[in-house]
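What follows is the residue order along each chain.
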Amino acid sequence: MADLPEGWEARGRPPALFRRFEFERYGETRVFLDAVAALTEELGVHPQNISFGTTYVNITLESADGSEPGSVELDLAARINALTGSVEP
């Protein structure tokens, strides 16, 4: 697999990318979730799974065909990383 964006790890079957994002306050978590939703709607590519709590968000990215995550998923992971710099409640 290509170099992964910072903070992301390769996991299991089917092959996937996973990252946990942590925040200090619930408001930051909500802003991040809304930004991820807007980004994925814009790109037309969506995470396989998102789970969250008060101060964290877990995101799993898988390729549409079940193969190793490719350039689309790696680009989405990098773009999601970029959202963390703009999170303010």
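Residues numbered from 1 in each chain as written. Predicted model: local features only at pLDDT ≥ 70, side-chain atom pairs only at ≥ 80, totals over all residues. Heavy atoms only, no water.

1. With respect to the overall build of the protein chain
As a reminder of what qualifies: Each helix is a run of DSSP H or I of at least 4 residues and each strand a run of E of at least 2, with the numbering of both proceeding from the N terminus. Three labels apply to residues, based on accessible area from a 1.4 Å probe with only protein chains included: buried if under 20% of the type maximum, exposed if over 50%, partly exposed otherwise in between. Only heavy atoms matter for contacts: two residues are in contact if any of them lie within 4.5 Å across the pair.
Scanning the protein chain from N- to C-terminus turns up two helices and four strands. From first element to last, N terminus to C terminus, the protein chain shows the α and β order β-β-α-β-β-α. Put simply, the protein chain has 89 residues, and 36% of those count as buried. Of all intrachain contacts in the protein chain linking residues separated by at least 6 positions in sequence, the fraction that spans at least 24 positions is 65%.

2. Here we look at the packing of aromatic side chains
Note the threshold: What counts as a ring pair is set by centres within 6.5 Å for rings of Phe, Tyr and Trp (its six-membered ring), and what kind of pair is set by the plane angle: stacked under 30 degrees, edge-to-face over 60, tilted for all other angles.
Under the definition given, this model contains three aromatic pairs. With centroids separated by 4.8 Å and ring planes inclined at 40 degrees, the aromatic side chains of Phe21 and Phe32 adopt a geometry described as tilted. Of the two residues, Phe21 is situated in strand S2 (residues 16-22) and Phe32 in helix H1 (residues 26-43); the sequence distance between them amounts to 11 residues. Accessibility classification places Phe21 together with Phe32 in one group, the buried group. Taken together, a centroid distance of 5.1 Å and an interplanar angle of 45 degrees make the contact between Phe23 and Phe32 tilted.

3. Topic: the packing of H1 against helix H2 (residues 71-83)
How we decide: Interaxial angles span 0 to 180 degrees and are taken between N-to-C directions of axes, which are lines fitted to C-alpha atoms, for helices over the stretch in contact. Here a crossing is taken to be left-handed if its near helix is turned anticlockwise relative to the far helix by less than a right angle, and right-handed if that turn runs clockwise. Note on residue classes: Ala, Val, Leu, Ile, Met, Phe, Trp, Tyr, Cys and Pro are nonpolar, Asp, Glu, Lys and Arg are charged, and everything else, Gly too, is polar.
Relative orientation of the contacting elements H1 and H2 amounts to 145 degrees, with a least axis distance of 10 Å. The handedness of the crossing between H1 and H2 comes out as right-handed. Contacts between H1 and H2 involve Phe32, Ala35, Val36, Leu39, Thr40, Glu42 and Leu43 on the former and, on the latter, Leu76, Arg79, Ile80 and Leu83. Considered class by class, the residues forming the contact of H1 with H2 number eight nonpolar, one polar and two charged.

4. Comments concerning the environment of Val45
Inspection of the secondary structure assignment puts Val45 in the loop between H1 and strand S3 (49-53). Between the C-alpha atoms of Val45 and Ala64, which are 19 residues apart in sequence, the distance is 9.3 Å. Here Val45 is in contact with Thr40, Val72 and Leu76, once residues within four sequence places are set aside.

5. Thoughts on the pattern of salt bridges
Any two side chains of opposite charge can pair, so long as their charged atoms come close to each other. The criterion, for reference: By convention in these notes, a salt bridge is any Lys or Arg side-chain nitrogen within 4 Å of a carboxyl oxygen on Asp or Glu.
Here the structure, examined in full by the defined rule, presents five salt bridges. Arg20 serves as the salt-bridge partner of Glu22, at 3.2 Å between the closest nitrogen and oxygen. Among the ionic pairs, Asp34 bridges to Arg30, the shortest N-O distance being 3.6 Å. Residue Asp34 and its partner Arg30 are both found in helix H1; the two are separated by four residues, about one turn of the helix.

6. So, the side chain of Thr29
Topologically, Thr29 is positioned in helix H1. Judged by relative accessible area, Thr29 falls into the buried class, the value being 0%. In this view, Thr29 contacts Phe23, Gly53, Thr54, Thr55, Tyr56 and Val57; residues no more than four positions away in its chain are not counted.

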